[in-house]
There are 2 protein chains.
Amino acid sequence: MGNEPAHTVTRYDQELDRLRGLVARMGGLVERQTAQAIAAVVDQDEDAALEPPELDVEVDALEREAESLAIRILALRAPMAVDLRVIIAVLKITGDFERIGDYASSIARRALKVEPLDGALSFGALRNMARLVQENLHSAIEAMVNNDSECAMQVWGSDTAIDELYTAMFRELVTYMMEDPRKIGPCIHLLFVAKNLERIGDHATNIAERVYYAVTGEMLPALRPRGGAAKKGS
Amino acid sequence: MGNEPAHTVTRYDQELDRLRGLVARMGGLVERQTAQAIAAVVDQDEDAALEPPELDVEVDALEREAESLAIRILALRAPMAVDLRVIIAVLKITGDFERIGDYASSIARRALKVEPLDGALSFGALRNMARLVQENLHSAIEAMVNNDSECAMQVWGSDTAIDELYTAMFRELVTYMMEDPRKIGPCIHLLFVAKNLERIGDHATNIAERVYYAVTGEMLPALRPRGGAAKKGS
């Protein structure tokens, strides 16, 4: 395909740019969903709680649009090497974004079932977890947008702290429930909120792995550094 | 590429077959992981509990192998139409399988933390849920292996019952915890087991959606039938 007229190559570049734009928009949306979901919980903000499930429709639509465009580019342009890897990464990353959107919506739907639970204690831990997860998600998206393998590598190595915060929070909340059975319902919702946050962090790590591979052509090791032994997917 | 010698076309078919074989093997493995994880919980079987995390390594390796092969086929063969859609579906489905393996491993790791909880009550509900999820997963894999859009459509419409069982179980377990705070720990693990099972069901539905699209070229509607309003991802 190397001898095609220049306008075709330009059009191909435009298509790739459009694909990148679609995925960047998806990234922005799921960041927004995550931020609003967290605000809904820690500030008990009813308006914020409504937003993530609403945005889900847009995220799903963007996923379909990006997937259709990627297939069209693959079929018509037969891209090679880095371009091909980037398109494959896009197809996988849109799946990660879609799951992140689901988890954020799930958090938002639980937000108002989580009563203040006597205040600072657990929301403090949750705020810390949320901050780390949001930072990782943001960095993963930046790495994707800028094809930055260094940045991707950093995200990939940094979800240990998130896992540790989750484990500490789990223990704390169980103790709390045992002391006061009336708090069981809200505590369970808060546990699921924390678990969903942790999974958003997992997907940020997945995105970082895919960006790293797309940019370098090398895969990161199968076993990433984690908090505690073999905690993956727990 | 239509005028290549016949032996090249044959080789292309062999590559596609190999790709299908890899994904079918992945499907078999995650079915096994799911079955063993459930056995670990409901039979309190320590040996069964060890298997899913062990198989995870194989599942991850197969995912990487399938992905590399898919990229090679895309780069060298520039497949069109159904072949192209099937390869894209494979790339997405391996991601679903990988997540299913994670969830099964997570269930297995919690299995022995779930004490019998006075027997039949909750394990009964869990067994029903597990049966439906396993049926859906099996049908989704069958649909994939046989390019069967009818079968895919059936899976897609049938996870409502799973969601309803999960919701009932959630309520039951909360009541149970309130009656006896010593059961809180085990009950929480059982809740997470049920949630993970429900998510395996979600991924079976995703797989069905992707098979349907690959085979027919049509996407199923964005909103699938669910138990309860807007329960997606909760």
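All of the points below concern the structure found in this document.

About the thresholds
- Residues numbered from 1 in each chain as written.
- Chains lettered and ligands numbered in written order.
- Predicted model: local features only at pLDDT ≥ 70, side-chain atom pairs only at ≥ 80, totals over all residues.
- Heavy atoms only, no water.
- Least-squares fit on C-alpha atoms with pLDDT ≥ 70 in both.
- Contact = heavy atoms within 4.5 Å.
- Helix = DSSP H or I, 4+ residues; strand = E, 2+ residues; numbered from the N terminus.
- Expected span 1.5 Å × (residues − 1).
- Buried < 20%, exposed > 50% of the residue type's maximum accessible area, 1.4 Å probe, protein only.
- 1 Å grid on protein atoms, 1.4 Å probe; cavity = no way out; pocket = protein on both sides within 12 Å on 5 of 7 lines; lining within 4 Å.
- Points joined across faces, edges and corners; volume = space filled by probe spheres on them.
- Nonpolar A, V, L, I, M, F, W, Y, C, P; charged D, E, K, R; others polar.
- Axes fitted to C-alpha atoms, helices over the stretch in contact; angles between N-to-C directions.
- Parallel < 35°, antiparallel > 145°, perpendicular 65-115°, else oblique.
- Buried area = accessible area lost by both parts, 1.4 Å probe.
- Salt bridge = Lys/Arg side-chain N within 4 Å of Asp/Glu carboxyl O.

What to know about the relation of the copies chain B and chain A
Mapping chain B onto chain A calls for a screw motion: a turn of 180° about the axis and a shift of 0.0 Å along it, with 0.0 Å RMSD after fitting. The two molecules are tied by a two-fold rotation axis, judged by turn and shift. Considering only C-alpha atoms, the residue of chain B closest to the rotation axis is A78 of chain B, which sits at 2.9 Å. Most of the interface of chain B is mirrored in chain A, where 100% of its interface residues are also at the interface.

Considering helix α6 (residues 160–179) of chain B
The terminal C-alpha atoms of α6 of chain B, which comprises 20 residues, lie 29 Å apart, in line with the 28 Å expected from a rise of 1.5 Å per residue. Within α6 of chain B, the full set of buried residues consists of T160, I162, D163, Y166, M169, F170, L173, V174, Y176 and M177 of chain B.

What about empty space enclosed by the protein?
Within the structure shown, the criterion is met by 5 cavities of 30 Å³ or more. The calculated volume of the largest cavity comes to roughly 180 Å³. Lining the largest cavity are 18 residues, and of these K92, G95 and D96 of chain A together with G95 and D96 of chain B sit closest to its centre. The set of elements that each furnish at least two residues to the lining of the largest cavity consists of α3 (81–111) and α7 (184–216) of chain A together with α3 (81–111) and α7 (184–216) of chain B. Split into classes, the residues belonging to the lining of the largest cavity amount to 2 nonpolar, 6 polar and 10 charged.

Some remarks on the packing of α3 of chain A against α7 of chain A
Geometrically, a packed helix pair is captured by the angle between its two axes and the distance between the axes. All names here are of chain A. One way to put it is that α3 packs onto α7 with a least axis distance of 9 Å and a crossing angle of 170°. The angle between α3 and α7 falls in the class roughly antiparallel. By residue class, the composition of the contact of α3 with α7 is 18 nonpolar, 6 polar and 7 charged.

Concerning the interface of chain B and chain A
Taken together, the contacts link 51 residues of chain B with 52 residues of chain A. Of the roughly 4500 Å² buried between chain B and chain A on both sides combined, carbon and sulfur atoms contribute 60%. Where chain B meets chain A, there are 4 salt bridges. Residues K92 of chain B and E67 of chain A are paired through a salt bridge, measuring 3.7 Å at the closest nitrogen-oxygen approach.

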